[in-house]
Structure formats: structure tokens, C-alpha cells
Amino acid sequence: MADWIVFWIIAPISVVAAGAMILARNAVHAALLLIVNFFTLAVFFLILGSPFLFVVQIIVYAGAIMVLFLFVIMLLGVDQPVPLTEHIKGQRWLAALLGASLVVEVALAVRLGIGYSHGRLPDFTAVNRGGNVQALAKVLFNSYFFPFEVTSILLTVAAIGAMLHGRRNIAEEETVDTAVGETAT
Amino acid sequence: MNILAPFIPAIPLAGAAVLLLTGPRWRDRSAGWLASAAVAVAFGLAVTVFGTLVSRPVTLRLSHVSLFEWIGVGSFRVDIAFRVDPLSTVMALTVTGVGAMIHLYAVDYMRGDPRYARFFAYMNLFVFFMLVLVLADNYLLLYVGWEGVGLCSYLLIGFWFERKTAADAAKKAFVTTRIGDSALLIGLIFMWSRFGSLDFDRVLPHAHALANGTATVMAMLLFAGAVGKSAQLPLHVWLPDAMEGPTPVSALIHAATMVTAGVYLVVRSHQIFEASGVALTIVAVVGLVTAIYAGLSAIGQDDIKRMLAYSTISQLGFMFFGAGMGAYSAAIFLLVAHAFFKAVLFLGAGSVMHALPDEETDMTRMGGLRRAMPLTAVTWVVGWLAMAGIPPLSGFFAKDQVVAAASQAGRIGLWYAALFGALLTALYETRGTFLTFFGEPRHRGHPHDPPSLMRTALVSLAVGAALAGVLGLSATSGLLPKFLTPVVGPTKEAVAGPSELVLSIISVAVALVGILTAWLVYLSGRIDWMALRVRFASAKRTFQRGFYVNDFYSGAIVGPAKLAAAFVAYVVDRRVVDGTLTGIGRLVSSSAGAARRAQTGLVRTYAVGILLGATAVLGYLVVRS
Amino acid sequence: MRTPISYFLLVSALLFTIGTVGVLVRRNALIIFMSIELQLNAVNLALVAFSRQNGNLTGQVLAFFSMVVAAAEVVVGLAIIVSLYRKRRSADVDDASLLKG
């Protein structure tokens, strides 16, 4: 019963925050709205029986990734309001159309029960025996050990890549900037 | 000894190759000597081969020399093989003998020409191809020679290609003979389809088994080739124009040898013609009609070479007539004799042209040259009388036998016509002689006899023209007819009509009438022939222009063909073909231009694209299940 | 649990769609990027929902990995956006159209 109430409180917040995010004129506002969305998602994770992910979502996503975003926003000074005019013809119509069709398709899929069963949900407590963290660890370090190692390498590579990318070289400063909006010859 | 046979054509080929490859290095006359030597050596070899042939008994006078297998496809096999038998030997001797003399003449005649060595290269090449033609042991090799002589004819007619008339004449010769050549090729294919082979020994002995219709078609296809190559009606129009080439060319190719290839073909294939009921008659009629037509046209010619050209057409007509009457030996005999006296006449004409300023060919501007050029005149007279058929010169025996064959076969109507043809021959030839060498001089300049080499050639040929009669003193028992019997069968006995002696007397009488008429008009002074020309100008023009056959072709065939060609070139080629190609190009580039617009460079449009695809796939998955 | 899994899936779909529309419609590079993050999170939600439904932890592990990769991706992506901004003085995505055909 508890999850029913929580769900029906949190879900609208989630959707509305997301919608507002994409319509926000100020980048900082958008970032903050996204953080709200992330929090709601964390709660969803909790309801769905994954306390570990609930915490990780908050720490990693809301706490690290969005902070990064905010740093960059501040760095680039793009907190000025941006114009919402659209230059590409038909883009908005297409976006609306495609978005609608996506929802419809997924709804249909869900309704028709494609790919999942309608049966009673199994008992999840057995899975989390010994705590969600321990259970996750058991799966992670046994069946998914190789992807685990690879992702750690990935993280290292990403960090190095970002570092290289962000270097300011003296040569780079003297490179001629291509004028904004100029098309290739 | 008959392994020598392949060398007969090979030596002139070597000569041609050497001269083609190293032409510019030769000093003028040396090239000519080399070429003449090549042909002379070939003649010597031909004589040797002839000797070995004669030394054998009559039944064994045939040998094949096969060099190698040329085509071997399934059961069809064609070798590069030469045939040594009486007919091919006679032809080879004629070609090389007369050819050598003409080469010798040309050594001095072509002196000073910038492309001297190349001229002789072409001449040698021509002799090579002609020998291949007559010595071939199968129809395909014969056809190779056939085409080869056509090529050389083109090269030599258009030797002075800077002159537009010469280039056009060469083209005309090639295209006109092509019509015949194509028919001949179809005939060969037809022959293969019936016999499975093109060897003489696999085709001809079995030809009698052909059905009447089949034989007629095959014979007519072969004859069509002959009509083209030997300039018979209606494909004769190229020969008068071919006189644009140097005179030795006219003598060799268009009198003595190439044009006789058609006669050779018909005689060689006579079994096929005999298997058909009508083929021989058609040959005879075409030959006779051509002979008379050309004879009439020759009377109206003022150009000495054109007169001789029409004369050749006419004499070839007689040869075909003889073959059509079944008198094959007589036809070949006339071929050989004609080679001599026509060569003499052409070379004599060449000497006259060389001697007068501006290479004069108009006989109305000649006259009385016998005093200035006595030797030329004498040799010409020999040739003239031989052609007219005055005994004891060769022409009498040869032409007489051909004409007599008609009477002996009982075809009286044809005999009268043939006699008329003989009359015309005497008439136009005498006219030519009198206008050129007799009467009052109307020429400019100071003509004289040609240099010694040319004189030698003239004299040798004149002797041949005079004495060649000895080859066929009698139609049935003469040397040549008996020699050719293994190939062409025995001369037919007279079926009807007067005896040989009576026929001969009639022939001579007719010739004399012709000569007399010409003397009356042109030499006796009793008739003002110059005024006559003016009065009957339009009639004369008709005769001179070959009864407008050529003009008819120009208008009816060539004109539309040129229009069609222009249409295809300018309309079809430019608009349709080029248009299609450029159109395709433009289509590609315009569609590329349209497709380019998808490359906006904007990330967001690409994102739309991705999403579209994803939605479509998703939708498909949903719908499918 | 009383809420059926399909509800979670629907929410996930909605969030994903909103993220997609955000990518298509906005011009600011950073906001586009944030929309992409939204999409990723929507998928994470779906994963965990399925994990609950199937009764094993595979979905959760996958969601975990997805988060790790998203973190790395954000790092690199932001670095790119920063250097792009330095070059062009503009964070407008439509200005980077040098590949126009």
C-alpha cells in the first residue's frame, strides 16, 4: 500500500520536472530541475527493492554529474536566458510527432504485454537476502566481473581523455578561430 | 619440289615487309629494284613449280602444301594450305610474270615520288595477296587474299591521297566491292553450312549433289562477290574512278590481276554453278550485258585511262560470258591474254601521259604521237590489234574462242550479241589508237619515248601479247585447254553451228568492220569528227558518263545514305546518344544535389533522422507481435 | 507491492520521450546533454523495474553499469563542449554546421 501512495505522489513530480527542464530558458534552472528528477528516480529505485541504487543514484548522479554540469555552466557563462526560437523548419512538429509515436508504441507494447509476463510479482525478499548490497556484490563480482574491470578502465580512459581535451596549449590559442556560422568551403 | 609453293607468295610478302619497315632509308630506285626482284623471284619459283607439275602425268597434277592448321573448331578445320594444280599455276604465272614487268616499269615511272618505297611496298603486298588468292586450297584463305587485294587496291588507288578525287575514288572502290565481298562471305557461310568445310576438295567434288535451288543461291552469292571485284554491272562504277591511281597500279590491279579474281572464282567453283540450272546462264548474261554496256561507254570516253577502264570492264564481261557458256578454258585463256595486252595498253598510256605536259589524259589533245614516240606506238599497236582480235595475235585466239562458244552451244542470240560486243571492242580501241597516235598532232610539248627500263617492260609485255596465242591455238586441243582439263573438264564439243574455221573468219570480219568504221570517222578525214562531237554532244555525254549509272547511284543510293549518315551523326548521335549520356550524368548530379540537402550539418536534424529510424523499428516490432 | 510494473514502464517511457524531445528541440548544447542524461535515467528505471519483475538482480547490475558509463560519458562530453565553446564562443549547436553538404 505504501508504495502505491508514494508512486502516485512521486511520478507526477518526476514527469513535470522533466517537462519543465526541457522548456527551461535558463540553464541553471534546467540543471536544478533535472536534479529534482533524479531524486524522484532514486525513490523509484527504493520502491522497486534496490536501496543500493537509491543511494548510488543520489551520490553519483545528483551529487557528482549534475555538479559537473553546474560547474561547466558557470564556467561557460551560459546562464543567460537563451532564445527559444526555432530555425529549422518542421523540427518542432517532427519532434512532437516522434515523441508521441514513441509513447504510443511503448504503451502499446506494455499493454499487449510484449516481452514480459502478467503474472504475480515474485517474492523479492529472497533475492535481497543478506542485504541488497551483499546480494549485488555476489552477482557483480561473479557473473559480471569482466564488465566490471572493463568499466574501470573506461573510467580511467575517460578521465585522461577529458584532461587532454581540456588542456590549454599556447599553440591552440594562436590557432585561427573559424568564424561562427561560417560553412565549409 | 612443291614445298616451294608457299614461297611464291612469301617472297613478295617479305619484300613488302622490308619496304614498309625500312622504307625511308632506301634510295629511290633501289626500292623499286628490290620489289621487282621479289616479284621476279616469285615468278621464277612459279615457273619451277609449273615445271614439276608438267613433269607429272596428267592424273597426278595436284598437290597440297599445308603450312599449319589455322582454325580448328569442332569438326570445322581450315588450314593455311596452298594448292598446286593447273589452274592455280596458270594464275600464279600470269600474276607474277605480268606483275614483274609492271614493277620494272614502275621503277622509273614513279621516280621522284616522295613515297616511292611505300608505293613498292604496297605493290608487293598486293602481289602477295593476289598469290594467296590464287594459290589457296580453301575458300577461306581465298577470301583472305580477296580482302587483301581489296585493301591494297584501296591503298594504291588513293596513293596520292592529297588529291581529294583520289581519296574519294579509293573509298568508292572499297565500299562498292564491299557489297560483293559481303555477299561472298555469306556464300562461304552458306557453303560451310551445307558442306561442313571450306576446302576445295571437300566442297567441289560433292557440289553436283546440291539441290538446284541451293546451288543457285550459293553460286549467285559467289558470283555477287565476283561482280563487285571484277567490276561487272551493276557494281562496276568504281573501276573508271580507280584510274586516279598511278598508271602502274591501273595496269597491275585493274587490268591484269585483281579484277580477274572474280573470273578465277567462278571458274574454280564451276561445279557449284553447274549444279544449278540457271546460274551459268545468269553469269553469261550479266557478262554479256556488261561487255556491251562498257563497250558503248568506252566509245564516248575522251580520257585515255577511262577508256581503258571501260575496256577492261568489257573484256571481263567477255570472260564471264565465256565461263557462263561453259568454256572455262577459253575464259582463262582470255584472262591471260588480256593481262598482257591490257598491261601493254595501260603502260603505253602511262608513257604518253608522262611524255606530255601536265600528265595529259585527254585524247582530243593528243594525236600523231607515233612519230614522236615510235616504240610506244609500236607496242601500243600490238596491244590494240591483240585486243581487237586480229590474228595471229593472242587476242584473236582468246576472244574468238569465247565468242565461238556461244555459237557452239547453240545459243545463237547470245552469239550475235557477243559479236556485237566484239565489234564495239574493235571500234573503241581503234578510236583510241587513232586519236592518240595517228592523225594530226593536237598536243602541246615535246613528247618522246620513255627511258630504257620502261621500254623493256613495254616490249616484253607486247611480245607476250603477241605470242600468247600459242597457248590456245585450238579450243579443244590447244596447250592451255588441255592443261586445264583436270580442273575444268574437257572443252565441250560443238553442239551446233558452223565449224571453228567459219566462226573464226566471222570474228575477224567483225573486228575489221569495227576498225574500218573507226578509220572512216577518225582518220580518213572524210568525216569531221570534231564537229560530230559537238552536234551529238548530249548523246556523247550519255555514253561518256556510262549511261548515267554512276549518277543514278549517286542520287538514289549515295545521296540518301549520306543524308541518313548525317541524320544519325547529328541527330541520333548528338541528341539521343550524347543526350542520354549527358542526361544520365545530369540526372546523377541533380539527384546528388537533392540528396545533399539531407546533409544539413546540423546535429539536430541528424538526431531527427536517428529517431525516425528508431521509431520505425520499434513500431515494426510492436506490430509484428 | 501493489503498483504494477507496467506503471513504472510507462513513466520510464514518458521520461525517455521527454528527453528525446528535449534533444530535438533545444539548441543549447548543455541542455541537450542534460536531456540525454534524462534518457539514460529513464532506461535505468526500466531496467530496475524489470529486475523486480523477473526476480533477479541482473537488471540492477545493468543499471549500475549504465550509471558508471554515463558518468564517464559526461566527463568526456563536457570536456568537448568546453573546448567547442572556447573555439566558437557559442554553445549553440546549430552553429557547428561545418559538415554541411
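Structure: above.
Here the structure is a predicted model, which is why all the values come from computation and not from measurement.

Cut-offs applied
- Residues numbered from 1 in each chain as written.
- Chains lettered and ligands numbered in written order.
- Predicted model: local features only at pLDDT ≥ 70, side-chain atom pairs only at ≥ 80, totals over all residues.
- Heavy atoms only, no water.
- Helix = DSSP H or I, 4+ residues; strand = E, 2+ residues; numbered from the N terminus.
- Buried < 20%, exposed > 50% of the residue type's maximum accessible area, 1.4 Å probe, protein only.
- Contact = heavy atoms within 4.5 Å.
- Areas by Shrake-Rupley, 256 points an atom, 1.4 Å probe, with all protein chains shown as cover.
- Core = buried A, V, L, I, M, F, W, Y, C linked by side-chain atoms within 4.5 Å.
- Buried area = accessible area lost by both parts, 1.4 Å probe.
- Salt bridge = Lys/Arg side-chain N within 4 Å of Asp/Glu carboxyl O.
- Polar contact = N/O pair within 3.5 Å; in protein donor to acceptor, adjacent residues only side chain to side chain.
- Nonpolar A, V, L, I, M, F, W, Y, C, P; charged D, E, K, R; others polar.
- Pairing = 2+ DSSP bridges.
- Expected span 1.5 Å × (residues − 1).
- Phe/Tyr/Trp six-rings, centres within 6.5 Å; stacked < 30°, edge-to-face > 60°.
- Lys NZ or Arg CZ within 6 Å of the ring centre and 35° of its normal.
- Arc of directions from axis to C-beta.

Trainee: Can you walk me through the overall build of chain A in this structure?
Mentor: Secondary structure summary: chain A contains seven helices and zero strands in total. Starting at the N terminus and walking to the C terminus, you meet the elements of chain A as α-α-α-α-α-α-α. When burial is assessed residue by residue, chain A has 34% of its 185 residues classed as buried. The contacts in chain A between residues at least 6 apart in sequence include a share of 55% that link residues at least 24 apart. If you sum the accessible surface of chain A, you get close to 10800 Å²; carbon and sulfur atoms cover 72% of it.

Trainee: Sorry, what's going on with the overall build of chain C here?
Mentor: For chain C, the count of helices and strands is three helices and zero strands. Helices (α) and strands (β) of chain C occur, in sequence order from the N terminus, as α-α-α. Every one of the 101 residues in chain C was classed for burial, and the buried ones make up 68%. When contacts within chain C are restricted to residue pairs at least 6 apart in sequence, those whose partners lie at least 24 apart make up 57%. When the accessible surface of chain C is summed, it comes to about 3200 Å², and 68% of that surface belongs to carbon and sulfur atoms.

Trainee: Which parts of the structure should I look at to understand the nonpolar core?
Mentor: Where a protein is soluble and globular, its nonpolar side chains tend to be buried together. Counting 212 residues, the largest nonpolar core has Phe126, Tyr139, Met191 and Ile272 of chain B as its most contacted members. Per element, the largest residue contribution to this core is 20 residues, and it comes from helix 15 (residues 328-355) of chain B. Ignoring anything within four residues of it in the chain, the contact list for Phe126 of chain B reads Val149, Cys152, Leu156, Leu252, Ile253, Thr257 and Met258 of chain B. Judged by nonpolar contacts, the second largest core, of 75 residues, contains Ala30 and Met66 of chain A together with Val11 and Val82 of chain C.

Trainee: Would you mind going over the interface of chain A and chain B with me for this structure?
Mentor: Interface size is commonly expressed as the accessible surface area that is lost when the partners come together. Counting residues at the interface gives twelve residues for chain A, matched by eleven residues for chain B. Between chain A and chain B, the buried area comes to about 1100 Å², and carbon and sulfur atoms account for 74% of it. Ranking the residues of chain A by area buried against chain B places Ile88, Leu98 and Glu105 of chain A at the top, with a combined share of 47%. On inspection of chain A and its partner chain B, the count reaches zero salt bridges. Counting across the chain A and chain B interface gives one residue pair in polar contact (both at pLDDT 80 or more). Of the residues contributing to the side of chain A that touches chain B, the split by class is eight nonpolar, two polar and two charged.

Trainee: Explain the pairing of strand 2 (residues 76-84) of chain B here, please?
Mentor: On a regular strand, each side chain points to the face opposite its neighbour's, so the side chains alternate between the two faces of the sheet. Residues and elements named next belong to chain B. In terms of residue burial, strand 2 counts as a mostly covered element, since eight of its nine residues are buried. The sheet contact formed by strand 1 (residues 63-73) and strand 2 spans nine bridges and is antiparallel. Across the sheet, the residue bridging to Ile71 is Val78, located in strand 2. Counting the residues between successive antiparallel strands, the hairpin from strand 1 to strand 2 contains two residues, one of them, Gly74, with a positive phi of roughly 60°.

Trainee: Would you mind showing me how to read helix 1 (residues 2-23) of chain A here?
Mentor: Since the α-helix packs 3.6 residues into each turn, any two residues three or four apart lie on the same face. Helix length check: helix 1 of chain A, at 22 residues, gives a terminal C-alpha distance of 32 Å against a target of 32 Å (1.5 Å per residue), a fit within 8%. Turning to helix 1 of chain A, its buried residues are Asp3, Phe7, Ile10, Ala11, Ser14, Ala17, Ala18, Gly19, Met21 and Ile22 of chain A. Where helix 1 of chain A is buried, its residues meet helix 2 (27-47) of chain A together with helix 1 (5-25) and helix 2 (29-54) of chain C.

Trainee: Looking at this structure, how should I read the interface of chain A and chain C?
Mentor: On the chain C side, the residues contacting the 89 residues of chain A number 76 residues. When chain A packs against chain C, close to 7600 Å² is buried across both sides, 76% of that on carbon and sulfur atoms. The tally of links between chain A and chain C comes to eight residue pairs in polar contact (both at pLDDT 80 or more). Mapped by element, the contributors of at least two residues to the side of chain A that touches chain C are helix 1, helix 2, helix 3 (51-76), helix 4 (91-112), helix 5 (132-142) and helix 6 (145-166) of chain A. A per-class count over the side of chain A that touches chain C returns 62 nonpolar, 18 polar and nine charged.

Trainee: What is the right way to read the environment of Thr281 of chain B from this model?
Mentor: Residue and element names in this part refer to chain B. Take Thr281: it is sitting in helix 13 (residues 279-299). Overall, Thr281 belongs to the partly exposed group, its relative accessible area being 29%. For the pair Thr281 and Phe321, spaced 40 residues apart in sequence, the C-alpha to C-alpha distance is 8.7 Å.

Trainee: Quick question: what am I supposed to make of the packing of aromatic side chains here?
Mentor: Each aromatic ring pair is described using two quantities: the centre-to-centre distance and the angle formed by the ring planes. Here the structure, examined in full by the defined rule, presents 33 aromatic pairs over all chains. Arranged with centres 5.4 Å apart and planes meeting at 80°, the rings of Phe434 of chain B and Phe438 of chain B form a pair that is edge-to-face. The two residues Phe434 of chain B and Phe438 of chain B agree in class, both being buried. The structure contains a cluster of three or more aromatic residues connected by ring pairs, namely Trp4, Phe7, Trp8 and Phe44 of chain A together with Tyr7 and Phe8 of chain C. Against the face of Phe159 of chain B rests Arg115 of chain B, its NZ or CZ located 5.1 Å from the ring centre.

Trainee: Even after reading the chapter, I still don't get helix 1 (residues 7-22) of chain B, so can you show me in this structure?
Mentor: Residues and elements named next belong to chain B. Between its first and last C-alpha atoms helix 1 spans 22 Å; for 16 residues at 1.5 Å apiece the expected length is 22 Å, and the two agree. Taken together, the buried positions of helix 1 are occupied by Ile8, Pro9, Pro12, Gly15, Ala16 and Leu19. For helix 1, the buried positions fall inside an angular range of 125° around the axis, keeping them on one side. Buried residues along helix 1 sit against helix 2 (28-54), strand 2 and helix 4 (116-135).

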